[in-house]
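Analysis of the macromolecular model
What follows is each chain in one-letter form.
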Amino acid sequence: MSRWACGLEGCDAAFDAVEDAVVHQTTAHDRHECQVCGAVVPDGYFAIRHAFDEHTRAEFVRAYDADSDDVRERERIKADIEDIADLDRIVERVDGAV
């Protein structure tokens, strides 16, 4: 079975279920301040989702000094998670953790 890595810098945590990885990112790590609009969101998947749902790719590239490879990697991560994860269940679990 494929393991899902946390993926946040300095964290080696890995999980069997994608939902566990996203809940971990949301509850175990500091929040991320969006460099485009200043919104504070959970780091990891939710930060990627915010960046690409709320801002243009060009805004992301400028704000994060990113390139097309960075955009493609984050778009792939977002799509992989959204294809597999039960996002409603993630939200329920995160709401229950706070």
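To be clear, the structure that these remarks concern was listed above.
Right, let's walk through the structure included here. (Residues numbered from 1 in each chain as written. Predicted model: local features only at pLDDT ≥ 70, side-chain atom pairs only at ≥ 80, totals over all residues. Heavy atoms only, no water.)

Some details on the packing of aromatic side chains
How two aromatic rings sit relative to each other is set out by the distance from centre to centre and by the angle between their planes. Taken as a whole and assessed by the stated rule, the structure comprises three aromatic pairs. Consider the rings of Tyr 45 and Phe 46, whose centres lie 5.1 Å apart with planes at 65 degrees: the pair is edge-to-face. Arranged with centres 5.0 Å apart and planes meeting at 50 degrees, the rings of Phe 52 and Phe 60 form a pair that is tilted. Accessibility assignment for this pair places Phe 52 and Phe 60 in one class, buried. Taken together, the ring pairs connect Phe 52, Phe 60 and Tyr 64 into an aromatic cluster. (Phe/Tyr/Trp six-rings, centres within 6.5 Å; stacked < 30°, edge-to-face > 60°. Buried < 20%, exposed > 50% of the residue type's maximum accessible area, 1.4 Å probe, protein only.)

Structural notes on the pattern of salt bridges
As enumerated under the stated definition, the model contains nine salt bridges in all. We note a salt bridge from Arg 93 to Asp 20, for which the minimum N-O separation is 2.8 Å. Placement of the pair is Arg 93 in helix α5 (residues 87-97) and Asp 20 in helix α1 (residues 18-28), with a sequence separation of 73 residues. Residue Asp 20 is classed as partly exposed on the basis of its relative accessible area of 28%. Of the charged contacts, one joins Asp 80 and Arg 76 as a salt bridge, the two residues approaching to 3.0 Å between their closest N and O atoms. (Salt bridge = Lys/Arg side-chain N within 4 Å of Asp/Glu carboxyl O. Helix = DSSP H or I, 4+ residues; strand = E, 2+ residues; numbered from the N terminus.)

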